[in-house]
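Reading the structure
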Number of protein chains: 2
Amino acid sequence: MNYENQYQKYRGKNILITGGLGFIGSNLAIKLVDLGAHVMVLDSMIDTYGGNLFNIEPIREKVQVNISDMRDIFGLPYLLKNKDIIFNLAGQVSHIDSMTDPETDLAINCVSQLAFLQTAHQHNPAARIVFASTRQIYGRSKYLPVNEDHPINPTDINGINKTAGEWYHKLYHDIYGMNTVALRLTNTFGPRQLMKHSKQGFIPWFIRLLIEGKTIQLFGTGEQIRDINFVDDVVDAFLLSGIDDKAKGKVYNLGGEPISLLDLVKRMIEVNAKGEYRLVPFPEEKKKIDIGDFYGDYAKIKNELGWEPHISLTEGLTKTFDYYRKHRSHYWS
Amino acid sequence: MNYENQYQKYRGKNILITGGLGFIGSNLAIKLVDLGAHVMVLDSMIDTYGGNLFNIEPIREKVQVNISDMRDIFGLPYLLKNKDIIFNLAGQVSHIDSMTDPETDLAINCVSQLAFLQTAHQHNPAARIVFASTRQIYGRSKYLPVNEDHPINPTDINGINKTAGEWYHKLYHDIYGMNTVALRLTNTFGPRQLMKHSKQGFIPWFIRLLIEGKTIQLFGTGEQIRDINFVDDVVDAFLLSGIDDKAKGKVYNLGGEPISLLDLVKRMIEVNAKGEYRLVPFPEEKKKIDIGDFYGDYAKIKNELGWEPHISLTEGLTKTFDYYRKHRSHYWS
């Protein structure tokens, strides 16, 4: 938990966070400002995506906000220059949207990522770049827990494009010696997540339903296993990856304690002190891209960077429910 | 060798071959015309790529030639309609070019492939589509021979983008039930290959050097193992994949007899009746994306579709040298 010694290195550093007004990016920005870094957040503020100016309310006067999309490549050379560390979190994250509008997913998650790396290679080849990848690229698990050597076999367009995006980062290290790291995130929850619609993850949506007193619909038997991380733990993984030299050129799983969706929902109801759920049949379009049970092996990042999750599910959920009860007006559509 | 019974199914079929004026596409077109199919070849005729009108000289009056690029998406709906079988061979194939101009490789090998599949899904969802993938997506082999379950781990931009292109094809089968097949080609040689420059494969370039009486430079010790296929065998693999219902949704390796580059060059010199080679140190930029020894396991396509290579290396090389001696003026730049 106590990484504060290592984090001293962030003092005075120039940081860029792409997707910095989004869920994880904004939590990261708040922590970085606290550590004395100079932070620029880049975000497209697309209406249906996760960018939200309220997310950076606590640091509004202490960060530089730059509105641009990863597809807006012409401003990139200036934006990437003179940054010590770039946290590259911008992306299209909805699996369902990637199937209904695959071209947009490709433009954001592949085309832009390659242009970003090309630009960084030309204008700032020494910067540490930490890329937000996803466990989604593994597809259905062939064994559990899934380690980094597990075959890559994505089950939707978003997974294919995120794979290419991650591999570009690895390749620019292998070929050009660039200082890239990729973190394969699992389900993450916590304050500052998009709550306007249900297409960016089931956890925030369930939390919203409970706060509104509505019944959660759980697909199938609810026995599907997932591992989930509270956002503060994920922020730690990014921060460690941003300063530890051992991380250069590496790919790391994050991960947490496995739990069934049914048990997760029961815990949510417990924390919320009330709530109901109902089991419903799996919808066809979700069944096709569902990945069954999944939990990751995070031994590699634990051994190499000393990271592990520290926030218990109950503690994380408590903080999350508190946050949205208090700030609901800034997150509900 | 005798697939002629199965090939009867091609009589009267409407066929589209993307990249149809290129090396494998044109050989495939010639065979299909011979089998009584109605063939349209689509090609961009980009100067430095493999398209060559002379390639279809024997069938010039019997095929429909349509000049367009895979990035020219607006004509695609009309072009894809009413085709029974689409052989999708168009692509950027130079690994070196993919590193110096990654955006173009991405535009052709990912963006266009996704647009192609979207268009086919809308306008011709029942067509059989056979995609030309590559063993390059495996990267360095973890074991030999490499079967289809070997991890995918491309070592250059072209390999990453070809992976995405192949996976899109598989996904449109898995999700939408489209009738796609992917063949992972290994090194292929024979008549009608690009000989203008050395960036589309070492085999044609070595053949050109020998015909010109120049010395072949072989990198390293020349002991790297490859398997290579003569183009007529590869054409058979496409034809079987285009009509056999067992192929639907599948991915198959091609492959041939493993041979060291040194032995290959010696065999070329034997067939050419003269020639010289010299071992030279591995150039840095090629070393970085070289994959070491490689040969594929083609048991899956052999068991399921009955395909195997039939043309011996000596026979293939003899036909190839004969062809280029006779038609040199149409292939040398």
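See the structure above.
What you see is a predicted model, and the numbers here were worked out from it, not measured in a lab.

**What to know about the overall build of chain A**
- Within chain A, the regular secondary structure consists of 12 helices and 12 strands.
- Here chain A has a C-alpha radius of gyration of 19 Å; the compact-globule value for 333 residues is 20 Å, and the two agree.
- Principal-axis analysis of the C-alpha atoms gives chain A an extent of 55 × 40 × 40 Å.
- The 333 residues of chain A split such that 52% are buried.
- Look at the contacts in chain A between residues 6 or more apart in sequence, and 80% of them connect residues 24 or more apart.

**Here we look at the sheet that holds strand β7 (residues 187-189) of chain A**
Residue and element names in this part refer to chain A.
- Strands sit in the order β7-β9-β11 across an open sheet of three strands; the sheet is mixed. Where the open sheet ends on each side, the last strands, each with one partner, are β7 and β11 (258-260). Sheet twist, expressed as the average angle between the axes of neighbouring strands with direction ignored, equals 50°.
- This element, helix α9 (residues 261-272), spans β9 (225-230) and β11 of the sheet and lies at about 85° to β11.

**Digging into the relation of the copies chain A and chain B**
- After a rotation of 180° and a shift along the axis of 0.0 Å, chain A superposes on chain B with an RMSD of 0.0 Å. Expressed as a symmetry operation, the mapping of one chain copy onto the other fits a two-fold axis. By C-alpha distance to the rotation axis, the residue of chain A lying nearest is A:P151, at 2.8 Å.
- Interface residue correspondence from chain A to chain B reaches 100%, placing this contact among same-surface, isologous pairings.

**Structural notes on the interface of chain A and chain B**
- The interface is formed by 21 residues belonging to chain A together with 21 residues belonging to chain B.
- Taken together, the elements giving at least two residues each to the side of chain A that touches chain B come down to α5 (102-123) and α6 (157-176) of chain A.
- Here the side of chain A that touches chain B is composed, by residue class, of 17 nonpolar, two polar and two charged.

**Some details on helix α7 (residues 202-211) of chain A**
Residue and element names in this part refer to chain A.
- Counted residue by residue, α7 has eight buried out of 10 residues, so it is predominantly covered.
- Turning to α7, its buried residues number three or more, namely F202, I203, P204, F206, I207, R208, L209 and L210.
- Tucked inside the fold, the buried residues of α7 contact β7, β8 (216-219), β9, α9 and α12 (313-327).
- With its phi angle positive at about 75°, G213 sits one or two positions after the end of α7.

**So, the environment of A:D174**
Residues and elements named next belong to chain A.
- Within the fold, D174 resides in helix α6.
- Take D174: there are 16 C-beta atoms within 10 Å of it, and that puts it in the partly exposed class.
- The spacing of D174 and P151 is 23 residues in sequence and 20 Å in space, taken between C-alpha atoms.

**So, the nonpolar core**
- A:I17, A:L183, B:I17 and B:L183 are the most contacted members of the largest nonpolar core, which totals 179 residues.
- Those residues within four positions of B:L183 in sequence are excluded, and the remaining contacts are B:V130, B:A132, B:S133, B:A237, B:F238, B:S241, B:Y252 and B:L254.

**Thoughts on unusual backbone geometry**
Residue and element names in this part refer to chain A.
- Cis geometry is found at the peptide bond from L144 to P145, where omega equals -10°.
- By the element assignment, P145 lies in the loop between β5 (128-134) and α6.
- The phi dihedral of N82 falls on the positive side, at around 60°, and the residue is not glycine.
- Topologically, N82 is positioned in the loop between α3 (76-80) and β4 (85-88).

**A closer look at α9(A)**
Residues and elements named next belong to chain A.
- Here α9 contains 12 residues, and its C-alpha end-to-end distance of 16 Å stays within 8% of the 16 Å for a straight helix at 1.5 Å per residue.
- Taken residue by residue, α9 has L261, L264, V265, M268 and V271 as its buried positions. In an axial view of α9, the angular spread of the buried residues amounts to 120°, which keeps them on one side of the axis.
- Lining the buried residues of α9 we find α7, β8, β9, β11, β12 (277-280) and α12.
- A273 sits one or two positions beyond α9 and adopts a positive phi of about 70°.

**Thoughts on the sheet that holds strand β11 (residues 258-260) of chain B**
All names here are of chain B.
- Read from one edge of the open sheet, three strands run β7-β9-β11, paired in mixed fashion. Each end of this open sheet is capped by a strand with a single partner; those strands are β7 (187-189) and β11. Ignoring strand direction, the axes of neighbouring strands in this sheet form an average angle of 50°.
- When β7 meets strand β9 (residues 225-230), the two strands line up parallel, connected through three bridges. Note on β9: the bridge partner recorded for T188 is N229.

**Details of the environment of A:I129**
All names here are of chain A.
- For I129, the location among the structural elements is in strand β5.
- We classify I129 as buried; it has 26 C-beta atoms within 10 Å.
- Distance from I129 to N179, taken between C-alpha atoms, is 6.2 Å for residues 50 residues apart in sequence.
- Leave out the neighbours within four places in its chain, and I129 touches I86, N88, A120, H169, M178, N179 and T180.

**Side note on the packing of α5(A) against α6(A)**
Residue and element names in this part refer to chain A.
- As a packed pair, α5 and α6 sit with axes 8 Å apart at the nearest point and diverge in direction by 10°. It follows that α5 is roughly parallel to α6 by the angle criterion. Contacts from P102, D105, L106, N109, C110, Q113, L114, L117 and H121 in α5 reach I157, N158, N161, K162, A164, G165, Y168, H169, Y172 and Y176 in α6.
- Residues that form the contact of α5 with α6 fall into these classes: 10 nonpolar, seven polar and two charged.

**Re the environment of B:H173**
Residues and elements named next belong to chain B.
- Position of H173 relative to the elements: it lies in helix α6 (residues 157-176).
- The class for H173 is buried, based on 20 C-beta atoms found within 10 Å.
- Residues H173 and A29, 144 residues apart in the sequence, show an inter-C-alpha distance of 25 Å.
- Those residues in contact with H173 that lie beyond four places of it in its chain are M178, T180 and G249.

**Quick word on the pairing of strand β1 (residues 14-18) of chain B**
All names here are of chain B.
- Among the five residues of β1, four are classified as buried, and the element is accordingly described as predominantly covered.
- As paired elements, β1 and strand β2 (residues 38-43) share five bridges and run parallel to each other. Bridging from a neighbouring strand, N14 pairs with H38 of β2.
- The parallel pair β1 and β2 is bridged by helix α2 (residues 23-34), and the resulting crossover is right-handed.
- As paired strands, β1 and strand β4 (residues 85-88) are joined by four bridges and run parallel to one another. Each residue of the ladder has a partner; that of I17, found in β4, is F87.

**Focus: the pairing of β5(A)**
All names here are of chain A.
- Summarising burial for β5: seven of the seven residues are buried, a large majority.
- Across the two faces of β5 the burial is the same, with R128, V130, A132 and T134 and I129, F131 and S133 all buried.
- Pairing analysis gives four bridges linking β4 to β5, with the strands arranged parallel. By the bridge assignment, I85 is partnered in β5 with R128.

The rules behind these values
- Residues numbered from 1 in each chain as written.
- Chains lettered and ligands numbered in written order.
- Predicted model: local features only at pLDDT ≥ 70, side-chain atom pairs only at ≥ 80, totals over all residues.
- Helix = DSSP H or I, 4+ residues; strand = E, 2+ residues; numbered from the N terminus.
- Rg over C-alpha atoms; globule rule 2.2 N^0.38 Å.
- Buried ≥ 20, exposed ≤ 12 C-beta atoms within 10 Å, placed from the backbone.
- Contact = placed C-beta atoms within 7 Å.
- Pairing = 2+ DSSP bridges.
- Axes fitted to C-alpha atoms, helices over the stretch in contact; angles between N-to-C directions.
- Least-squares fit on C-alpha atoms with pLDDT ≥ 70 in both.
- Nonpolar A, V, L, I, M, F, W, Y, C, P; charged D, E, K, R; others polar.
- Core = buried A, V, L, I, M, F, W, Y, C linked by C-beta atoms within 7 Å.
- Expected span 1.5 Å × (residues − 1).
- Arc of directions from axis to C-beta.
- Parallel < 35°, antiparallel > 145°, perpendicular 65-115°, else oblique.
- Right-handed = clockwise from strand over helix to strand, strands pointing away.

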